[in-house]
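# Structure assessment
Chain residues, written in single-letter form:
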Amino acid sequence: MTLKTNNIRTALGFLGGVALLYVFMSNDNPVQFEELALGETTEPVYTIVDVKKIHCSDMRNSRECIAAYEEFGREQPVSLWLGNSQVHAINQPKPNDETAATKLHRRFQLHDKYFLTYSQPNANLQEHYILFAHMITNIPVKTLVLPVVFDDMREDGIRTSLSSSLSDPIVVQQLGQGELGLKLSENYLSQSRPENDLAGLNDTEQERVERVLSEILSESWSVWASRPSFRGQFLNFLYMSRNWIFGINPSTTRKIIPGRYVLNIQAFSEILDLAANKGIEVLVYIVPLRNDVKRPYHADQYEAFKSEIETITLQKGFDFSNFENIVPPDFWGFKSSTTIGGDLELDFMHFTADGHRLLAESIYRKLLEMGSKQ
Amino acid sequence: MIFNSLTYLVLLAVVVPLYWILSYRARLLLIFTASITFYGFWRVEFIPVLIFSVVVDWWVALRMYSASEKKRFRLLLISIGANIGLLFYFKYLMFFVDNSVSLANIFGAKLDPVLVNIILPLGISFYTFQTISYTVDVYRRHINPETDFLLYACYVTFFPQLVAGPILRVSEVIKQFVERKAFCLNHIFVGSRRILYGLFLKVVVADNIAPLVDQGYSMPIESMSALDVWTLAFLFGFQIYFDFSAYSHIALGSARLLGIVFPENFNFPYLASSPRDFWRRWHISLSSWIRDYLYLPLARVKVLDRSVGGLSIATSKKGDGRALYATWAIMGLWHGANWTFVLWGIYHALMISVYRVVSPLGNGLNEKFKSVGGVFLTLPFMMLGWIPFRAESLNQTFAMWGKVFDLNAYFWLGMRENTYLITFILLIGMFSSSFLRKVFFTNSPLLSRGKQLLDITAIAVMVALVIVFLRPISQFIYFQF
C-alpha cells in the first residue's frame, strides 16, 4: 500500500512538473537575463544605418558588423567604441530616436571615417580586452573609445558569446602580450560556462547526437524551445526575491569588490598597452552619471576609482575625459522595479535620446581635438 | 556519455523496456552493448583499453583458481601490474616525467619540459579499481572466479557505474544479474525518483554554483579576504558534494530501473560528527575499497569483502601511522596526478590522527552535545580540506590557508555579495533538509496528508526545474579522476 501511494505521488509529481511549465509558458514574456537591468521603460537599440550594421554586441553578430565594414568601409580608418548597455539603451524611447552610436557614425562618415560600436550589458574591462583583441585582428582600428564604468568594475568573468574569439590564434597571440590576457585565454577553456549548453560535451562523440536530439525536441515541444526564456524568468524571480528580502534597489550603495576591481584595472592597463603597441589612439572617459540625486556609490571609492583611471590613462600617454556631468537631470528617467511588487526606480545608467545626443557631441568634439593634435 | 543529457535519457528509454522483455542471456548482451555504447559516446578509441582490462582480469582470475600458491601470486601481480600499468601510463606518466625533469633541473641538468598530452580514458580509475578488487578477492579466496565472460564483463562495464562508481564488488552485482528479477513497476518509480534527485542536484544546483567557484578561485590571492577563503572552501565543498552525489543518485536510479540495487555512496557527509564519521558518509564505496585493499593490508589487519562501511574500521584502529599516511597520500594521488591531491590526502590523514588524540578528551561529555558539537567542529575542517582539491597549485593552497590564520584579513570582503549569500543559503539548506527529513518525514504520521502534498509539490518543482536547466554544460567533477 505504501509503495503504491509513493508511486502515485511520484507520478503526480512528474505530471505536475510538466503542467507547471505550461502554466509559466502562458505568461509569454520572454526575458533575456542580461538585459534585465534595462526594464520596460528602456529599449536596447543596435542600429543599422543604410543597411550597414554599425552597432554589434559580441561574437553573436560581430560578423555582420565586420562584413558591413568590408563592404562599405572602403578601408576607412575605424574608430571603435566599446561599451556597456548605456551605449545601446534609450530611456523612454520615442519613434526615430537615435543612439549616440548612430549619430557618431553619421558624423564621421562626413570625414570619411568609419565609426563602429560594440556594447554588451554589464560588460567588464576583461571582456572589452578580449573584444578589442578580436577587433584589431579583423579591422584596421585607428582609434579606440573606451568608457569606464564604476558598476562594471564589480563584474567578472567572460561571457560565452565572446568565447569563439578565443579559438582564433591571432586573438590569443594579441592577448598573450599581457599577463592577464595570457591568463584569460589559458583559463577560459577550463572554466564552467552555463551559457554554453553543450560545453560538457566538447570533443566527444555525444555532442552531435545531443544537438540533433535537442533540435528535434525543440521543434516538437514548445516547452523545450522556451527553456532559455524560462531560465531567464527563473533567474529574474531569484534576483527580484533577493532584492525584496534585502531591500536592494538601484539607489543602494555599491562598493568595490576588491578581487574583481584588481582584475579589471589590470585589463584596462593591458588594453592601453596593446593599443600603444599597435599605434592606436585611445580616448578613455568616465561615463555620464545621474547627478540630481545621491549616487549609489561609496563616495571615496568612486573618487579613487576616477583618479586611478585618469592616472593610468595619462601615464600611458592617452586622452582622458570625465563626462560624468554632461547629461542634465531632465534627460534621465526611471526603470521598472527590480523587486517584487515595487514601484518605478531611478535609472542611474540609461538616459534618453537627448542624453545620447549630448554624449555623441562630447565624444565627437574630443575625437576631433585628438585628431587635430596629431 | 554524460548522465545530464538528452542522449542518456534516450538510452534509458530504449534499454529499460527492452531489458524487461528479454530473456536472461539477451539481457546480459543488452547491458554489455548498452554499456559499450555509453562509453563509446565519449571516445570510441578508448573502448579497447576498457575491454583489455576486463579480459585480463577475467582470464587471470580463472587461471588463478586452479593454480599453485606460487603461481597464484604471480598471476595476481600480472593483474595488478596490468591495471596499475594502464593507470600509470594514462594518468601518472606525464606527472612522473614533469617531476623528474624538474628534479633533474634542480641539479643543473637543463632539460626542457616534455610537451605531450595524454588523454585520460574516462572512468579508468574506477574500473581498474573494480577489476583489481575482483582478482584480489579471488586470490584471497573470498570469491570464486566468474566463468561466464559476458556476466563478468557486465559487472565491470555496467553503464550506471562505469565512469564514476560506486566501486562495487562482484558479490554485490553479479548475483543480482543472475537473479533474473521479474518486472515490477516499483523499480521504475523508485529509479525515476532517484534520477530526478540526481539531475536536480547536478543541473539546477551544482552547475549553477560552478561559475561562482571558478571565478572565486581565479581571483588574485592578495585581493581575497579570510572570509572569502572560508566562503570558497564551503562553496566548492557544496559544489563537489552536489555534483558527485548527483552522479551517485543517477547511477543508483539507473541501476534500479533495471532492478539492480546498489549500496548508497553518500549519507549527509557534512553532518559528520568527526573525520572518521565523514569518511563513513562520503564516497563510501571508495573509502571501503581503500580500507580493504590498501589500508588494512598495509596495517596488517584482516580485510572485509563488501563496499559498505566506509573507513570506519580503518580509522578506529590505532594501528600503523605510516599505513594511515601512505594510504591517504595514495588516495589523494588516485584523485589526480598533482601534488595538491597528495596534500589533500595527507591533510585528511592528519585530521584523523588529531581526532584519535583528541576524541578521548570528550569521553565524559553528554553524547548529544558531543554529536552536535562534533558536527560544528568537523564541518569547517572538512571544508578547508577542499582547498587543495580545487586549487591550481600548492602555492595557491598555502596562500589561501594562510589567509585563514591572518586576523587582519577578516575585516573586508573581496567577492560579489551573491557569493556569500548563496553559500549561506546552501549551508542553511543542508542543515534544514536533514532536519526536515528526520522530523517531518519520519516522526509525524499525523502530517501524512500535508507530507504527501509537499512531496508531490517538491517533485513537480524539481521536474520543472530539471527540464528547464537540463543541459550538458559540464561533466561531473569526478569524471576527471
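Check the entry above for the structure.
None of these values were measured; they are calculated from a predicted model.

## Topic: the state of the cysteines
All names here are of chain A. Under the criterion given, the structure shown has one disulfide over all chains. Paired by a disulfide, C56 and C65 hold their sulfur atoms 2.0 Å apart. Judged by the torsion about the S-S bond (105°), the C56/C65 disulfide is right-handed. Under the relative-accessibility criterion, C56 is labelled buried at 0%. Residue class for C65 comes out buried when judged on its relative accessible area of 0%.

## Description of the interface of chain B and chain A
Facing 52 residues of chain B, the contacting portion of chain A comprises 54 residues. Across the chain B to chain A interface the summed buried area is about 4,600 Å²; carbon plus sulfur atoms make up 63%. Ranking the residues of chain B by area buried against chain A places L6, R416 and I467 of chain B at the top, with a combined share of 14%. In this assembly, chain B and chain A are joined by three salt bridges. For R9 of chain A, the salt bridge is made with D455 of chain B, and the minimal N-O distance between the two is 2.5 Å. For the interface between chain B and chain A, the tally reads 18 residue pairs in polar contact (both at pLDDT 80 or more).

## Observations concerning helix α11 (residues 258-277) of chain A
All names here are of chain A. Here α11 contains 20 residues, and its C-alpha end-to-end distance of 29 Å stays within 8% of the 28 Å for a straight helix at 1.5 Å per residue. Counted residue by residue, α11 has 14 buried out of 20 residues, so it is predominantly covered. In the segment just after α11, G279 is the residue with positive phi, at about 70°.

## Brief notes about the sheet that holds strand β8 (residues 141-148) of chain A
In any sheet, the strands associate via hydrogen bonds between backbone groups, in a parallel or an antiparallel arrangement. All names here are of chain A. Taken together, six strands build an open sheet; the order of strands is β4-β7-β5-β8-β9-β10 and the sheet is parallel. Of all strands in the sheet, those bounded by a partner on one side alone are β4 (55-56) and β10 (319-322). Pairing geometry for β8 and strand β9 (residues 281-286), over six bridges, is parallel. Counterpart to L144 in the pairing with β9 is V282. Where helix α2 (residues 62-72) meets the sheet, it contacts β4, β5 (78-83) and β7 (114-119), and its direction lies at approximately 180° from that of β7.

## A few points about the packing of helix α10 (residues 227-246) of chain A against helix α19 (residues 448-469) of chain B
Direction vectors running N to C along α10 of chain A and α19 of chain B enclose 120°, while the axes themselves pass 8 Å from each other. Taken together, α10 of chain A and α19 of chain B sit at an angle that is classed as oblique. For the element pair α10 of chain A and α19 of chain B, the recorded crossing hand is left-handed. Contacts between α10 of chain A and α19 of chain B involve R227, F230, R231 and F234 of chain A on the former and, on the latter, L465, I467, V468 and F469 of chain B. Looking at side-chain class alone, the contact of α10 of chain A with α19 of chain B contains six nonpolar, no polar and two charged residues.

## Considering the side chain of E127 of chain A
All names here are of chain A. Its place among the elements puts E127 in helix α5 (residues 125-138). Given the relative accessible area of 3%, E127 is considered buried. Within polar-contact distance, the side chain of E127 engages the side chain of R159 at 2.8 Å.

Parameters and conventions
Residues numbered from 1 in each chain as written. Chains lettered and ligands numbered in written order. Predicted model: local features only at pLDDT ≥ 70, side-chain atom pairs only at ≥ 80, totals over all residues. Heavy atoms only, no water. Disulfide = S-S within 2.5 Å. Buried < 20%, exposed > 50% of the residue type's maximum accessible area, 1.4 Å probe, protein only. Contact = heavy atoms within 4.5 Å. Buried area = accessible area lost by both parts, 1.4 Å probe. Salt bridge = Lys/Arg side-chain N within 4 Å of Asp/Glu carboxyl O. Polar contact = N/O pair within 3.5 Å; in protein donor to acceptor, adjacent residues only side chain to side chain. Helix = DSSP H or I, 4+ residues; strand = E, 2+ residues; numbered from the N terminus. Expected span 1.5 Å × (residues − 1). Pairing = 2+ DSSP bridges. Axes fitted to C-alpha atoms, helices over the stretch in contact; angles between N-to-C directions. Parallel < 35°, antiparallel > 145°, perpendicular 65-115°, else oblique. Left-handed = near helix turned anticlockwise from the far one by under 90°. Nonpolar A, V, L, I, M, F, W, Y, C, P; charged D, E, K, R; others polar.

In short, geometric facts, not functional conclusions.
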